[in-house]
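As a plain string of letters, each chain reads:
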Amino acid sequence: MVRKFQIPKEYLKGKRENYSSWDECFMLHAVVAANRSKDPSSQVGAVLVDKNNRILSLGYNGAPNVWDDDKFPWVKEADTAAHTKYPYVIHAETNAMLNYKGDNKDLEGATVYTTLYPCQNCAKFLAQAGIKRVVYLSNKYEGTEDNNAAATCFNYCNIKCEEFSPKLQRRLTVSLLPNEGITEV
């Protein structure tokens, strides 16, 4: 007969209460990923997470891997569109999908956490990959034609789209110095 081990109730207390929710944890990762972007005007990060809350991949907006960042046009306006960043930048959500090297079935039902509401092209790619939830930090292009097309895509593809809402209203400071980590301000 196997004896069942039980921990006494008086030891089942004292858990920290102000820990990050999964949404907060993954959005923090997206914010950190955005910090890798070399784009001087818009830094966007994205994190792909499977149904079991495992990070599959990270991405940020930037030049294709083989293109030297120092020879990349980072400007928003020029004499021709070909001299601007727009025809060449790969968006964070697409980079996260391209960076994922696992089985595509893991993307089915996954969530993307992104610091900026996806454009209509990224919306199509996310839908095609089987992403079922989008959590975004900012929707600064709300109401634009591109934004409306993305929203339509999400709607028709039954992708739940929601603005990030932290469970705790707080500001965190991240330090890369030894023994400091993340502190609440």
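Just above sits the structure.
Summarised in this report is the structure supplied together with it. (Residues numbered from 1 in each chain as written. Predicted model: local features only at pLDDT ≥ 70, side-chain atom pairs only at ≥ 80, totals over all residues. Heavy atoms only, no water.)

Turning our eyes to something else, we now look at the packing of helix H2 (residues 92-99) against helix H3 (residues 120-129). Running from amino to carboxyl end, H2 crosses H3 at an angle of 35°, the nearest separation of the two axes being 9 Å. The two elements H2 and H3 cross, and the hand of that crossing is left-handed. Residue-level inspection shows Glu 93, Thr 94 and Met 97 of H2 in contact with H3, the latter providing Cys 122, Phe 125, Leu 126 and Ala 129. Its residues placed into classes, the contact of H2 with H3 shows five nonpolar, one polar and one charged. (Axes fitted to C-alpha atoms, helices over the stretch in contact; angles between N-to-C directions. Helix = DSSP H or I, 4+ residues; strand = E, 2+ residues; numbered from the N terminus. Left-handed = near helix turned anticlockwise from the far one by under 90°. Contact = heavy atoms within 4.5 Å. Nonpolar A, V, L, I, M, F, W, Y, C, P; charged D, E, K, R; others polar.)

Before going further, it helps to examine the nonpolar core. Core analysis: the biggest nonpolar cluster contains 23 residues, and Leu 48, Leu 107, Val 112, Leu 126, Ile 131, Val 134 and Phe 154 have the highest contact counts within it. Residue contacts for Leu 107: discarding those within four places in its chain leaves Leu 48, Leu 56, Tyr 100, Ala 129, Gly 130 and Ile 131. Core analysis: the next-biggest nonpolar cluster, separate from the first, contains eight residues, Met 27, Tyr 113, Val 135 and Phe 164 among them. (Core = buried A, V, L, I, M, F, W, Y, C linked by side-chain atoms within 4.5 Å. Buried < 20%, exposed > 50% of the residue type's maximum accessible area, 1.4 Å probe, protein only.)

Both trends apply: most residues other than glycine have a negative phi, and most peptide bonds are in trans. Not every positive phi belongs to a glycine, and Asn 53 is a case in point at roughly 60°. Given a relative accessible area of 29%, Asn 53 falls into the partly exposed group.

Attention shifts here to the pairing of strand S5 (residues 160-163). Relative to S5, strand S4 (residues 133-138) is paired through four bridges, and the arrangement is parallel. Pairing of Val 134 across the sheet is with Cys 161, part of S5. Since S4 and S5 lie parallel, the crossover through helix H4 (residues 145-156) that links them has a hand, and here it is right-handed. (Pairing = 2+ DSSP bridges. Right-handed = clockwise from strand over helix to strand, strands pointing away.)

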